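Overview (structure and organization)
In case you want the letters, here they are:
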Amino acid sequence: MVVMDTLSNALSAIQNAEVRAKSEVVLWPVSKLVLNVLRVLQREGYVGEFEYIDDGRWGKIKVQLLGRINKIGVVKPRHPVSYRELEEFPEWLKRYLPAYNIGILIVSTPQGVMSHKEAVEKKTGGVLLAYCY
């Protein structure tokens, strides 16, 4: 099986495990981007603890699920956004989040991967990676 996008593969595995009410999921292959996105999800309270397992190849991550995710996915194509666009909540952003204060967008900024709320606080823009609510 050829995996073209590891982030998309990981988030769809999390979504499928949440739908089936599993308590944990094993993600593989993984990358630094997947680890950073999981750290943001953990900070926001959507997933619990996760553990990196080095298998000598690509690695695996065992993620504890809390049952708080209704929908999670990647943003394709990845949109570049400025600080002003994140602050104003533009029309195209409504495509990913159901309401104004519900859910998070995960943004890759020059200061690292963070939620859109943190990006607005730090007054920085970036590229949209994923959404979760």
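Residues numbered from 1 in each chain as written. Predicted model: local features only at pLDDT ≥ 70, side-chain atom pairs only at ≥ 80, totals over all residues. Heavy atoms only, no water.

Scanning the protein from N- to C-terminus turns up four helices and eight strands. If you list the helices and strands of the protein from N to C, you get α-β-α-β-β-β-β-α-β-β-α-β. Compactness check: the protein gives a C-alpha radius of gyration of 15 Å against a globular reference of 14 Å for 133 residues, within 12% of the reference. A buried classification covers 44% of the 133 residues belonging to the protein. Long-range contacts, defined here as pairs at least 24 residues apart, represent 60% of the contacts in the protein between residues at least 6 apart. In the structure as shown, the protein presents an accessible area of about 7600 Å², 49% of it carried by carbon and sulfur atoms. (Helix = DSSP H or I, 4+ residues; strand = E, 2+ residues; numbered from the N terminus. Rg over C-alpha atoms; globule rule 2.2 N^0.38 Å. Buried < 20%, exposed > 50% of the residue type's maximum accessible area, 1.4 Å probe, protein only. Contact = heavy atoms within 4.5 Å. Areas by Shrake-Rupley, 256 points an atom, 1.4 Å probe, with all protein chains shown as cover.)

Scanning the model with the defined rule gives two aromatic pairs in all. Judged by centre distance (6.4 Å) and plane angle (25 degrees), the rings of Tyr131 and Tyr133 are stacked. Through a chain of ring-to-ring contacts, the aromatic side chains of Tyr96, Tyr131 and Tyr133 assemble into a single cluster. Its end group placed over the ring of Tyr46, Arg68 keeps NZ or CZ at 5.3 Å from the ring centre. (Phe/Tyr/Trp six-rings, centres within 6.5 Å; stacked < 30°, edge-to-face > 60°. Lys NZ or Arg CZ within 6 Å of the ring centre and 35° of its normal.)

Here we take up the nonpolar core. If you look at the biggest cluster of nonpolar residues, it comprises 28 residues, and the most contacted ones within it are Ile14, Leu41 and Ile106. Top contributing element to this core by residue count: helix α2 (residues 32-43), with six residues. Beyond its immediate chain neighbours, meaning those up to four positions away, Leu41 contacts Tyr46, Val47, Ile72, Ile104, Ile106 and Cys132. The next biggest cluster of nonpolar side chains, apart from the first, holds 13 residues, and it includes Val75, Tyr96, Leu97 and Tyr131. (Core = buried A, V, L, I, M, F, W, Y, C linked by side-chain atoms within 4.5 Å.)

Now for the sheet that holds strand β2 (residues 47-53). Taking strand neighbours across the sheet as the criterion, the three strands line up as β1-β3-β2 in an open arrangement whose pairing is antiparallel. Each having just a single partner strand, β1 (24-27) and β2 make up the two edges of the open sheet. Mean inter-strand twist for the sheet, computed between neighbouring axes without regard to direction, equals 20 degrees. Its contacts with the sheet put helix α1 (residues 6-19) on β1 and β3 (60-65), and the angle it makes with β1 is roughly 160 degrees. Of the strands in this sheet, β1, β2 and β3 touch α2, which is tilted by about 155 degrees from β2. (Pairing = 2+ DSSP bridges. Axes fitted to C-alpha atoms, helices over the stretch in contact; angles between N-to-C directions.)

Next up on the list: the pattern of salt bridges. Where charged atoms from two side chains of opposite charge come close, those side chains can pair. If you walk through the whole model with that rule in mind, you get four salt bridges. The partner of Lys76 in a salt bridge is Asp5, and the shortest N-O contact between them spans 3.0 Å. Note that Lys76 is positioned in the loop between β4 (72-74) and β5 (80-81) and Asp5 in the segment before α1, a separation of 71 residues in sequence. On the basis of relative accessible area, Lys76 is assigned to the exposed category, the value being 53%. Judged by its relative accessible area of 16%, Asp5 is buried. Across the pair Arg84 and Glu87 runs a salt bridge, and its minimum N-O distance is 3.7 Å. Separated by three residues within a single helix, Arg84 and Glu87 lie in helix α3 (residues 83-88), roughly one turn from each other. One network of salt bridges, with partners in common, ties together Asp5, Lys76 and Arg78. (Salt bridge = Lys/Arg side-chain N within 4 Å of Asp/Glu carboxyl O.)

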